[in-house]
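Secondary and tertiary structure notes
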Amino acid sequence: MSEQTPTPARTGRGLKIALALSLALNLAVAGLVGGAVLGVRNQGGESGSGGPALRTLGLGPFALALPREDREELRARIGEQGTPVRDERRAIGQALREVQAALLADPFDRAAAEAAFERSRARVIGLQELGHGALLDQIETMSVDERADLAESLNRVMRRFGGRR
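Residues numbered from 1 in each chain as written. Predicted model: local features only at pLDDT ≥ 70, side-chain atom pairs only at ≥ 80, totals over all residues. Heavy atoms only, no water.

Focus: the overall build of the protein chain
In plain terms, the rule: By definition, any uninterrupted DSSP run of H or I lasting at least four residues is a helix, any uninterrupted run of E lasting at least two residues is a strand, and each is numbered from the N terminus. Note on classification: 1.4 Å probe, protein chains only; a residue is buried when its accessible area is under 20% of the maximum for its type, exposed when over 50%, partly exposed between these limits. Only heavy atoms matter for contacts: two residues are in contact if any of them lie within 4.5 Å across the pair. The Shrake-Rupley method, run with a 1.4 Å probe sphere, supplies the accessible areas, and residue values consider only the shown protein chains as cover.
Each helix and strand counted, the protein chain has six helices and zero strands in total. Mapped from its N terminus to its C terminus, the protein chain presents α and β elements in the order α-α-α-α-α-α. Here the protein chain holds 165 residues, and 28% of them are scored as buried. Taking contacts inside the protein chain between residues at least 6 apart in sequence as the whole, the part at least 24 apart equals 65%. Entry remark: accessible area of the protein chain is about 11200 Å², with carbon and sulfur atoms responsible for 56%.

Below you can see the structure in the form of structure tokens.
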């Protein structure tokens, strides 16, 4: 007499994709909320000047490594282009809402979700390019000693968050 072992129920591919996209959307929303909350702190986040969170622009470690005065100058430099930054951030939010709509569609609309992710990715890259350009402009105004201090401060920040490597 042979025993039959129960076989696990197979989930559909569509369900797996929907779950993966749901997880991605949840992480994106959590990242936006966490970034907004952490951005209120004055360590490279949003200041009372109403400037954008520097980490939002791809400047994470530099937002912590730059001296306060340089962070404020960088925010002012980026603030001069404030409308494009706001527009880009709104467009990213709209793309996430489009992904959410695709998640709720039955059947799942992969093409719509993929297009929304592509638009979001392009906007994020645009924000990073803007942030990196403004940072390079700021660094260009520094003396050799100021750049050396920034490099040392960046090293400390990277050690603190990157482990002992």
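Past the structure itself, the notes keep going.
Side note on helix H5 (residues 110-140)
Counted only if it meets this: Multiplying 1.5 Å by the helix residue count minus one yields the expected span of that helix.
Spanning 31 residues, H5 covers 44 Å between terminal C-alpha atoms, matching the ideal 45 Å at 1.5 Å per step. Looking only at H5, the buried set comprises Ala113, Ala116, Ser120, Leu127, Leu130, Gly131, Ala134, Leu135, Gln138 and Ile139.

A short note on the confidence of the model for the protein chain
Quick note on the threshold: Residue-level confidence of the predictor is summarised by pLDDT, bounded by 0 at the bottom and 100 at the top.
Of the residues in the protein chain, 73% have a pLDDT of 70 or more, and the chain-wide mean is 78. Taken together, the stretch residues 36-51 has pLDDT below 50 and engages in 34 contacts with residues farther than four places along the chain or on a different chain.

A word on unusual backbone geometry
The residue after aspartate 106, namely proline 107, is reached through a cis peptide bond having omega 10°. By secondary structure assignment, the location of proline 107 is in the loop between helix H4 (82-104) and H5.

A few points about the nonpolar core
For clarity, the cut-off: Here the nonpolar core consists of buried residues drawn from Ala, Val, Leu, Ile, Met, Phe, Trp, Tyr and Cys, with membership extended through side-chain atoms lying within 4.5 Å.
Judged by nonpolar contacts, the single largest core of 20 residues is most densely connected at Leu57, Leu74 and Ile78. Sorting the residues of this core by element identifies helix H2 (60-65), helix H3 (68-79), H4, H5 and helix H6 (144-162) as the ones contributing at least two each. Among the elements that line this core, the one with the most residues is H5, at five residues. Core analysis: the second largest hydrophobic core is formed by six residues, Leu21, Ala102, Leu103 and Ala113 among them.

Focus: the environment of glycine 93
With respect to the secondary-structure elements, glycine 93 resides in helix H4. Separated by 27 residues in the primary sequence, glycine 93 and serine 120 place their C-alpha atoms 8.1 Å from one another.

Re H3
What counts, and what does not: Arc definition: directions from the helix axis to the C-beta atoms.
Its 12 residues place the ends of H3 16 Å apart at the C-alpha level, agreeing with the 16 Å of an ideal helix rising 1.5 Å per residue. Buried within H3 are the following residues: Asp70, Arg71, Leu74, Arg75 and Ile78. Looking straight down H3, one finds its buried side chains confined to an arc of 140°; they lie on one side.

A look at the pattern of salt bridges
Which entries qualify depends on this criterion: Whenever Lys or Arg places a side-chain nitrogen within 4 Å of a carboxyl oxygen from Asp or Glu, that contact is recorded as a salt bridge.
Taken as a whole, this structure holds six salt bridges when the rule is applied. Put simply, aspartate 87 and arginine 90 hold a salt bridge, and the shortest N to O gap is 3.7 Å. Residue aspartate 87 and its partner arginine 90 are both found in helix H4; the two are separated by three residues, about one turn of the helix. Taking relative accessible area as the criterion, arginine 90 reaches 53% and is therefore assigned exposed. The partner of arginine 121 in a salt bridge is glutamate 118, with the nearest N and O atoms 2.7 Å apart. In this pair, arginine 121 and glutamate 118 both sit in helix H5, three residues apart, roughly one turn of the helix. The class of arginine 121 is partly exposed, set by a relative accessible area of 45%.

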